[in-house]
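# Structure assessment
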Amino acid sequence: MNTNLKISNVTKIYPGCVANDNVSLEFNSGKIYALLGENGAGKSTLVKILSGVIIPDEGKIYLNENNLKLNSPLDAKKNDIGMVFQHFNLFETLSVFENLIIDSDEQRESLREKIDTIMKKYNFSIDLDIPILNLSAGQKQKVEIIRCLIRNPKVLIMDEPTSVLTEQETSELFLSLKKFSEEGILIIYITHKLKEVMQLCDEVAVMRRGKLVSVSEIKNENIESLANKMVGQNLKTIKKKKAKTSSDQLIKITNLNFTSEDPFETNLMDINFSVNRGECLGIAGISGNGQSELFQVLSGEIISEKKSIEFNNNYIGDLNPQERREYLMAFSPEDRLEQAAIPQMKIFENVALNNFKSSNFFNNGLINENKIKDHSKKIISDFNVNTDNIELKSQFLSGGNLQKLIIGRELITSPDLLICFNPTWGLDVGAINYIHETLIRINEQNKSIILISTDTDELLKLSDKISVIHKGKLSKIMNAEEVTSEKLGILMGGAN
Amino acid sequence: MIKIVKRDQPSRAIFFFTPVLAIFLTLVAGGLIFFILGFKPFEALKFFFIVPIADKYGFSELLLKATPLCLIAIGLSFCFKSNNWNIGAEGQLTFGAIVSGGVALLFYEQEGFYILPIVILAGAIGGMLYASIPAILKTYFNTNEILVSLMLVYVSKLILDYLVVGPWSNPEGFNFPETRQFSDSAKLPLLFEGLRIHAGIFLALAAVVISWFVFYKTYLGFQMKVSGFSLKTAKYAGYKGKKMIVLVFLISGACAGLAGVGEITGPIGQLHREISPDYGFTAIIVAFLGRLHPVGIIFASLVVAITYLGAETAQIFMQIPKYTGQVFQGMILFFLLASDYLLFFKIKFIGSKK
Ligand SMILES: Nc1ncnc2c1ncn2[C@@H]1O[C@H](COP(=O)(O)OP(=O)(O)OP(=O)(O)O)[C@@H](O)[C@H]1O
Ligand SMILES: [Mg+2]
């Protein structure tokens, strides 16, 4: 049966920002639709309206000509609209099965059968009786998808589903999505990765600043044309000039080990590397192989043997992040919402989290609010954060803008070494370009970067040297010119 | 039809409205209980909440009870804001009282302006010492501060018992479990002739002002705010988590200790077994009812103080056991937790408009 979903003149206004401005769109089953747009363009807002999470100020939604009243996520579920959110909504300590049946009123046994059938049909293999926390990101996402499929949805919406997946997991997801589509499920797919759009989708809608700017068929588009539509101008392609490699060593890690008491963390084994001034060391790997532990050891959130880290001829292994910042190190963690920033606090308060003595945010133990605010305004304008209200709680920034704020906060102090973990995670092409440019500029100013990333393209673009982390061990360090993405892929899988 | 909708963001107004709603619901439920017990609800509530503070004396009694509640709750707000669950303020109060009482007894029948400050200081130090136990055990041995601080309450009460019955009991006191009366120089001055309200209230007011300043104007306050939201972020920012834990416990212990000093050098004037009608526990309710905000805590301490007074008048005039006071305190907390639901959800009445 054919499904037709129509969005008609939807508007959602937030104080100081029109998130959706009179958007009308029509979708038909049998096709996979991409929804593209810069950070803050209003994509998430639009699909949250479709899934009942947000109630629009104006406009109507029709499913097969029926006007839907979507006042809550439950209404959406009842109307066969399923959504997989960007962040997982699973109970980590409950089993897969318990998570799947939690919002269902059917019988446990019949559900188990149903789930088994679904898994067989789409070749999912997940043990239903282990707790969620033992699953990889790709498996967790499958659980979310199964949760939608149980209700035989007519519409399946996915908001940036691949940002946490490995390449292997991504191609598996695509196979499933294509199958769903063949079976008549209407799929709406949000992403920032234009390559994926070209691979997967049939039609593409582009939003900019809350407005729908174009709807077109994929066969008439290419990556450049899509990027230009999103940003509204031509994007320059950026390329790193290969630096004259200096031999002036900035940081040296020697025999660094970390053994965690937490069974779900990865132990680091015998890490050794060094980075010279003006250099970017890329660390590749499939997520969950010790990147987060490595980041924490480097930032000082996990303290190690004093002599295991030598920075600018000082041993700093036993210093905490605040003390390391005084040596001109800066850190940009992966987790924006739970670690790098506090969503409930205002923008300028978040800026004060990175506190150098010389920035004078706090004098004699007192808050110097004016200083912090001036500094925040500078970050916002230098790094194009799309707001001018530094009193805004940072939870209301779109993901990309929050990331710009954080990177800006770390870079504006012009550190000697920036350690960043997936810095462009979830960002739009324009923002990625901007951050890549910034990172290249840092290297040109003879400052160094350790770039931990799960995005191979990004690593190949920015790094001078590359190493791969697998199960807490680093591969040997290679010159970036000698490396190809195939070679990285093999090393990431654990081969030597 | 009634519909419950999630709020985008709890507004500031609702944040301070729910405590008021909780108090209102407590009154309604209290009236209902009185009714079931066979009293006229309005009359009983009047005895409970209005009669006790209708005259000058009553008002002074209200401030007298609100003083320790406010002081302790201010101290607790430092702990609670930074995710440290100090439940043992009653123990810190008791131990502060023991130390300052001991010092006051050293100055038995002596005079001098310097005595009172020393006695007060001793109480604060006593409270801090006692609060440092759960703090240090938590930071260095990973123990749970809720259990440790709570159990230490009973330890402190037994120490007090032992002292007032044994070594410190009044030699001329016919074996009553109490110490000698402190000398006048070791007592807080009364503010008005014939009323029991004493200078301890200034300690509480000072604590309010200082805590407001610390919370909103200092680096320490900022660090507490961050740690309260996310310990992960605090770690990333590089705040010295352990030091801060110890510090907030010390502040909280000092406040509770001062509340103890206020009681024994104020209305009581000696040490005996029952120096506090569980002020240390009730102050937890006060802290949350006041939303951990200095000004909120002032109001909350006044409201909760009435339940102490009301229970006494109700006992005298209506032969209701004075434990009804605790029932009211429990109901306030209960309704507060329940109405906090409104922080995250709003109730919409729909159906009338088509
Ligand atoms: N509750 C809110 N109050 C104020 N502004 C908001 C609120 N929620 C979202 N916004 C704003 O609405 C705009 C659209 O946000 P939305 O999350 O839809 O963007 P997006 O296209 O999904 O971006 P991203 O690619 O970064 O996820 C943003 O500018 C955001 O700051
Ligand atoms: Mg989004």
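Per-chain numbering applies: the sequence of each chain, read as written, is numbered from 1 onward. Written order determines the labels here, with chains lettered from A and ligands numbered from 1. Reporting in this predicted model follows two pLDDT cut-offs: at least 70 for local features of residues, and 80 or more for side-chain atom pairs to be given and counted; totals over whole chains, interfaces and linings ignore these cut-offs and use all residues. For the side-chain quantities, the full set of heavy atoms in the structure was used; hydrogens and water were omitted.

## Some remarks on the pairing of strand E3 (residues 32-37) of chain A
All names here are of chain A.
- A 1.4 Å probe rolled over the protein chains alone gives each residue an accessible area, and that area as a share of the maximum for its type sets the label: buried under 20%, exposed over 50%, partly exposed in between. Each helix is a run of H or I in the DSSP string that is no shorter than four residues. Each strand is a run of E no shorter than two, and both are numbered from the N terminus. Across the six residues of E3, six count as buried, placing the element largely inside the fold.
- Each pair of strands is called paired provided DSSP finds at least two bridges between the two strands. Where E3 lies against strand E9 (residues 203-208), five bridges are found, and the strand directions are parallel. Bridge pairing in E9 places Leu36 opposite Val206.

## Topic: unusual backbone geometry
Residue and element names in this part refer to chain B.
- Of note in this structure, Glu109 is not a glycine but carries a positive phi near 55°.
- Assignment of secondary structure puts Glu109 in the loop between helix H4 (89-106) and helix H5 (115-141).
- A relative accessible area of 66% places Glu109 in the exposed class.
- Located in the positive-phi region is Asn142, a residue other than glycine, with phi close to 55°.
- Along the polypeptide, Asn142 turns up in the loop between H5 and helix H6 (145-165).
- Accessibility expressed as a relative area gives 71% for Asn142, which makes it exposed.

## Details of helix H7 (residues 200-217) of chain B
All names here are of chain B.
- Compared with an ideal rise of 1.5 Å per residue, which puts 18 residues at 26 Å, H7 spans 26 Å between its outermost C-alpha atoms and is within 8% of the ideal.
- Taken residue by residue, H7 has Gly200, Ile201, Ala204, Ala207, Val208, Ser211, Val214 and Phe215 as its buried positions. The arc that holds every buried residue of H7, seen down its axis, measures 150°, which confines them to one face. Turned more than 90 degrees away from the buried face of H7 sit Val209 and Ile210, all of them exposed. A helix is expected to reach a length of 1.5 Å times the quantity of its residues less one. The arc in question is formed by the directions pointing from the helix axis toward the C-beta atoms.

## Quick word on the sheet that holds strand E5 (residues 66-68) of chain A
Residues and elements named next belong to chain A.
- In spatial order, the strands read E2-E1-E4-E5; together these four strands make up an open sheet with antiparallel pairing. Taken across any chain shown, the strands that pair with only one partner, and hence form the sheet edges, are strand E2 (17-28) and E5. Going from strand to strand, the sheet's axes swing by 25° on average, the running direction of each strand aside.
- Whether two residues are in contact is decided by their heavy atoms: any pair within 4.5 Å suffices. Axis angles are defined between N-to-C directions and span 0 to 180 degrees, where every axis is a line fitted to C-alpha atoms and, for a helix, only to the segment in contact. Relative to the sheet, helix H1 (residues 43-50) contacts strand E1 (4-14), E2 and strand E4 (58-63), its axis offset from that of E1 by approximately 120°.

## Here's the deal with the domain arrangement of chain A
All names here are of chain A.
- For the domains described, the bounds stem from an automatic or database domain assignment. Partitioning chain A into domains gives domain 1 (4-231) and domain 2 (249-492).
- Taking the mean C-alpha position of each, domain 1 and domain 2 sit 31 Å from one another.
- Contact with domain 1, which involves 19 residues of that partner, is made by 17 residues of domain 2.
- A pair is scored as a salt bridge if a Lys or Arg side-chain nitrogen falls within 4 Å of a carboxyl oxygen belonging to Asp or Glu. At the boundary of domain 1 and domain 2, one finds one salt bridge.
- Lys195 is paired through a salt bridge with Asp457; the nearest N and O atoms lie 3.0 Å apart.
- Taken together, the elements giving at least two residues each to the side of domain 1 that touches domain 2 come down to helix H7 (194-200) and helix H8 (223-231).
- It is H8 that contributes the most residues to the side of domain 1 that touches domain 2, three residues altogether.

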